[in-house]
Every structure is written in structure tokens, then in C-alpha cells.
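Listed below, chain by chain, are the residues.
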Amino acid sequence: MADTGKASMQVNIVSADRPIWSGQARSVTVPGTQGSMGIMPDHEPVLALLQEGNIRVQATDGGRQSFHVDSGFASFDSNKLTVAVDHYLEDAGQGQQS
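Residues numbered from 1 in each chain as written. Predicted model: local features only at pLDDT ≥ 70, side-chain atom pairs only at ≥ 80, totals over all residues. Heavy atoms only, no water.

- The chain goes by ATP synthase epsilon chain in an unreviewed UniProt entry, where it is assigned to Bifidobacterium apousia.
- The Function (unreviewed entry) field of the UniProt record for the chain holds the comment "Produces ATP from ADP in the presence of a proton gradient across the membrane."
- UniProt, in its Sequence similarities (unreviewed entry) section for the chain, records the words "Belongs to the ATPase epsilon chain family." (UniProt positions renumbered as here; feature names shortened; annotations may be inferred.)

In C-alpha cells form, the structure reads like this:
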């Protein structure tokens, strides 16, 4: 089993018109159509449809960010997470750091 205390994954969150966030993270929670889904390093490969909601990122530096988005998808494989959404609606403001 992976040591997720030190493990990280590359995360790219993009909307149809611009990048939203990119960096290394310890965990990401996405608003899946079947419910909220947490993804951590070494997670099994997954492809999930997303609904409107908040994407929450815990970066490796301890920072936390949250982004309110609408529909899209998340793809995870080999410790690389790509989240593509139709529209980035706003910062969700929950513990967001610059």
C-alpha cells in the first residue's frame, strides 16, 4: 500500500476556455455524478463523469483550494489526474489559499 503521507500526484484542472489549477497534490475530491469521489496517489485508474459542484485540492505544500465547476470528467492513471470541465464558475472559497 502506498505511503500517501509523502506520495503525490500531478493534477491538471482545466475548463473549456482556460487552465484553472495545475500542480502536485496529496488528494483531490471531485463531484461525480454518482456522488463525491476522493482520489489519492496510487488510486486505481478511473474515468468519471462530473456534475456541478466543488473540486477540492489538498496540495503537497499543505495548501487547500476549492473550485466551483459544472459538468465535465475526471481521468486518473499513473498518478496523473486530469479534470476537464465545461465552465469554471468561481472559487468556492473553502480554505482557499493563493
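### Observations regarding the packing of aromatic side chains
Next up, step 1: Taken as a whole and judged by the stated rule, the model has one aromatic pair.
Next up, step 2: The interplanar angle of 65 degrees and the centroid separation of 6.0 Å between the aromatic rings of Phe67 and Tyr88 together place this pair among those described as edge-to-face. Residue Phe67 is located in strand E6 (residues 64-69), and its partner Tyr88 is located in strand E9 (residues 88-91); the two are separated by 21 residues in the primary sequence.
Next up, step 3: Phe67 sits in the buried class, given a relative accessible area of 3%.
Next up, step 4: For Tyr88, a relative accessible area of 19% translates into the label buried. (Phe/Tyr/Trp six-rings, centres within 6.5 Å; stacked < 30°, edge-to-face > 60°. Helix = DSSP H or I, 4+ residues; strand = E, 2+ residues; numbered from the N terminus. Buried < 20%, exposed > 50% of the residue type's maximum accessible area, 1.4 Å probe, protein only.)

### Topic: the environment of Phe76
Next up, step 1: Within the secondary structure, Phe76 is located in strand E7 (residues 72-77).
Next up, step 2: Judged by relative accessible area, which is 2%, Phe76 ranks as buried.
Next up, step 3: Taking C-alpha positions, Phe76 is 9.7 Å from Gln10, a pair spaced 66 residues apart along the chain.
Next up, step 4: Setting aside its immediate chain neighbours within four residues, Phe76 contacts Met9, Ile39, Met40, Asp42, His43, Glu44, Pro45, Val46 and Leu81. (Contact = heavy atoms within 4.5 Å.)

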